[in-house]
Every structure is written in structure tokens, then in C-alpha cells.
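Commentary on secondary and tertiary structure
Chain by chain, the residues run as shown.
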Amino acid sequence: MSWGTGEFEARLRRVGRERYHHLHPFNVRMHAGRLSRDEIRTWVRNRYYYQTRIPVKDALILARAEDPAFRREWIRRIHDHDGGAPREGGLELWLRLAEAVGLERESVERLERVLPDVRESCDDYVRFVEEHGLLECVAASLTELFAGELMEGRIAAFEEHYPWVDREGLAYFRSRTLQAPRDAGFALGWVLEHAASLEVQERCVAALERKCELLWRLLDAVQAAHVRPRPSPHAQLRPDPQDGRLVVVLPERAVRLNESGREILELCDGVRTADAIAAAVATRHPNAARAEADARGFLARMQRLGVLEPAP
């Protein structure tokens, strides 16, 4: 038993309607014109890391494909991103977008200041392709079914709400309005043809759900970088009577802080963003290689525990 072709396709498309990152609050705010310049720049800088992973995962897919016709079609994706020569292709267009929003091209290309959670989510996508069969990997790429429409909306949003961005920098979005539907059409047809059993069809739907989850995680990290954390009114700071270390007392738990935690918490004034706090910690401790990443991790943990909350 298996779903009919129409039912299978409908289930795949339902994933996009319900889980694609066009619904993520960050993207919603972007298209409504409510992002600051710093938020746009953080997104562009970090999304470039995802762009660099795309041709890597496509090369992994090519390596396991036995059908020459499939390989001839799929290799176009690598050419689209890497180009046929230097200064061509999607990666180049994204770097031009970076310049258009005021970032230094070389800094973005060197992957400087990529958020740890962004790097992890993108690397998880590559690992997914390494660890799963060809059919599931192709199914995961079907987020492109929904990308063309998103790109059209994004172009309109940038032209209306972000006039400070040079229009030439939007060339990447324009290119994807053509490439994404073409690529998605081939991938969808291939998945519908080769997913012969219900079990395989269900794995394909799960693969697409996983890809959507990874895209959400990327935006979660970018959005978190601009949260302005402040102590929760439910958190009371007290010295431990035994050793004098600072303890955060919450209604249902207590959290002991070491000196680094205390230093970071003192910077959480509801004015500084998480990004600014992490950068300040790195500046104070230039010889600590993981100071910035550790500070981001600490802030995330404290928010999960209820020690910190985002300022309005």
C-alpha cells in the first residue's frame, strides 16, 4: 500500500504550507519592513554560511547517484551556486548582497562572526545528506517548491521597506525566482516516481519536515542575536552563605553562577543585544578562543531557565 501520487504530493506541499520558514517571525518581520539595519546584516552574514553548504550537500547527492540523467540535471545546482568562473554564481550574488547592505565582502567570505547555532544547523543539513539515502536527500531539497514565491515577496519587501539597500544587491533573490521552481519541478517529479511504498513516502515527508526545522533553527539563532536580555523579575540574586558565590533564586530552582556567568549577567541590562554582549565578553577576554560562543550559550541557557527575559 502507498499513497496515490496526488495524495503524496499534497502531503509534501502541506509541509511547506505549515512548516516552511516563510512563517518564521523573523521572516514575517523582514517582509513587513520591521527589521533594523543590524538585523538585516546579521541575517545576510549568517545566511551566507548556509549558501556555502548548498553546493557541498549537492556534491554529496551527486556522488551517490547512479543515473547519468539524474546527475546531468542535478549538477546544474552546483553550477548555479559556484558559477562557471570566479565572480559568477549564487555565492557571488550573495556576496554582492552583503556589500549592498553595508558588510565587508571579505569578512563575510571568510565566515567571520557566524553564529554557533547557525553553523550547527547548517552542518546538520550536510550530515543529514551524508547519513540518509538518495531519495530522502532529494525530498529534503523540496523546500524549493516554496522558495520562488518567498523570493518574489522578499524582492517586493526590500524595494518597499529597505531603500537603503542597493537594488543591484537583490540579484540573488531574482535568480532564485527562476532557478528554484525549475529545480523543484525536477526533484518533485523524481521523488513522486521513485517513492514506491508507504514507508518510503513517509520517510520523504519526514525528510522535508527535517529540512524545514533546520531552516527555522537558523532564523532562531539570528533572531536571538538581537534579543535584549534583562533579568527576569522572578529571579533574585543572592550570595551563597557558604562560599559567597552568586546564586540566582527562581520560584522552582536555584542557579549557581561562576565568575564568568556573573560578568555576563551584569551586562544584561535590557539595552544591549545578545550579539553586543557576546562581543563585549570577547573583547574583555581576547585570549579566550571560545569567549564569544560561550557567552551566547550562557545567555541562551539563562533564558531557557527563566533567569533572563527579552526586553520589549
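These remarks concern the structure in this document.

Definitions and cut-offs
Residues numbered from 1 in each chain as written. Predicted model: local features only at pLDDT ≥ 70, side-chain atom pairs only at ≥ 80, totals over all residues. Heavy atoms only, no water. Helix = DSSP H or I, 4+ residues; strand = E, 2+ residues; numbered from the N terminus. Contact = heavy atoms within 4.5 Å. Buried < 20%, exposed > 50% of the residue type's maximum accessible area, 1.4 Å probe, protein only. Salt bridge = Lys/Arg side-chain N within 4 Å of Asp/Glu carboxyl O. Phe/Tyr/Trp six-rings, centres within 6.5 Å; stacked < 30°, edge-to-face > 60°. Lys NZ or Arg CZ within 6 Å of the ring centre and 35° of its normal. Core = buried A, V, L, I, M, F, W, Y, C linked by side-chain atoms within 4.5 Å.

**Regarding the side chain of Asp275**
Along the chain, Asp275 turns up in helix α13 (residues 274–284). The contact partners of Asp275, leaving out residues within four places of it in the chain, are Arg113, Leu115, Ala225 and Arg296.

**Here we look at the environment of Cys122**
Topologically, Cys122 is positioned in helix α7 (residues 116–131). When its relative accessible area of 1% is taken as the criterion, Cys122 is described as buried. Sequence spacing of Cys122 and Leu214 is 92 residues, and the spatial spacing of their C-alpha atoms is 7.1 Å. Those residues in contact with Cys122 that lie beyond four places of it in its chain are Tyr49, Tyr50, Arg53 and Leu218.

**So, the pattern of salt bridges**
Side-chain pairing between opposite charges can occur once the charged atoms of the two side chains come close. Inspection of the entire model under this criterion finds 29 salt bridges. A salt bridge links Asp38 to Arg41; the nearest nitrogen and oxygen atoms lie 3.9 Å apart. With a gap of 3 residues between them, Asp38 and Arg41 both fall in helix α3 (residues 37–64), about one helical turn apart. Linked through salt bridges whose partners overlap, the residues forming this network are Glu92, Arg96, Glu99 and Arg105.

**Observations concerning the packing of aromatic side chains**
Under the definition given, this model contains 13 aromatic pairs. Judged by centre distance (5.0 Å) and plane angle (55°), the ring pair of Phe70 and Trp190 falls under tilted. Residue Phe70 is found in helix α4 (residues 68–82), and its partner Trp190 is found in helix α10 (residues 171–194); the two are separated by 120 residues along the sequence. The exposure classification of Phe70 matches that of Trp190, with both residues buried. Put simply, the rings of Trp43, Trp94, Phe158, Tyr162, Tyr172 and Phe173 touch in pairs and so form one group of aromatic residues. Lying over the aromatic face of Trp74, Arg77 brings its terminal NZ or CZ to 3.6 Å of the ring centre. Seen from the ring of Phe173, Arg154 lies directly overhead, with NZ or CZ sitting 5.7 Å from the centre.

**Some points on the nonpolar core**
Ranked by size, the top nonpolar core spans 76 residues in total, and within it Phe8, Leu12, Trp43, Val44, Phe158, Phe173 and Val191 carry the most contacts. The greatest single-element share of this core, amounting to 12 residues, is contributed by helix α11 (residues 198–224). Formed by 21 residues, the second largest nonpolar core is a distinct cluster that contains Leu246, Leu250, Ala274 and Val281.

**Here we look at the environment of His234**
Here His234 lies in the loop between β1 (229–231) and β2 (236–239). You can call His234 exposed: its relative accessible area is 54%. C-alpha of His234 to C-alpha of His81: the two residues are 153 residues apart in sequence and 49 Å apart in space. Setting aside residues no more than four positions away along its own chain, His234 makes contact with Val249, Leu250 and Pro251.

**Overview of unusual backbone geometry**
A positive phi angle, close to 65°, is found at Arg87, a residue other than glycine. Of note, Arg87 is situated in the loop between α4 and α5 (90–100). Judged by its relative accessible area of 55%, Arg87 falls in the exposed class. Backbone geometry at Arg113 places phi at a positive 65°, although glycine is not the residue there. Tracing the backbone through its elements, the reader meets Arg113 in the loop between α6 (105–109) and α7.

Any functional reading would require information beyond the geometric quantities listed.
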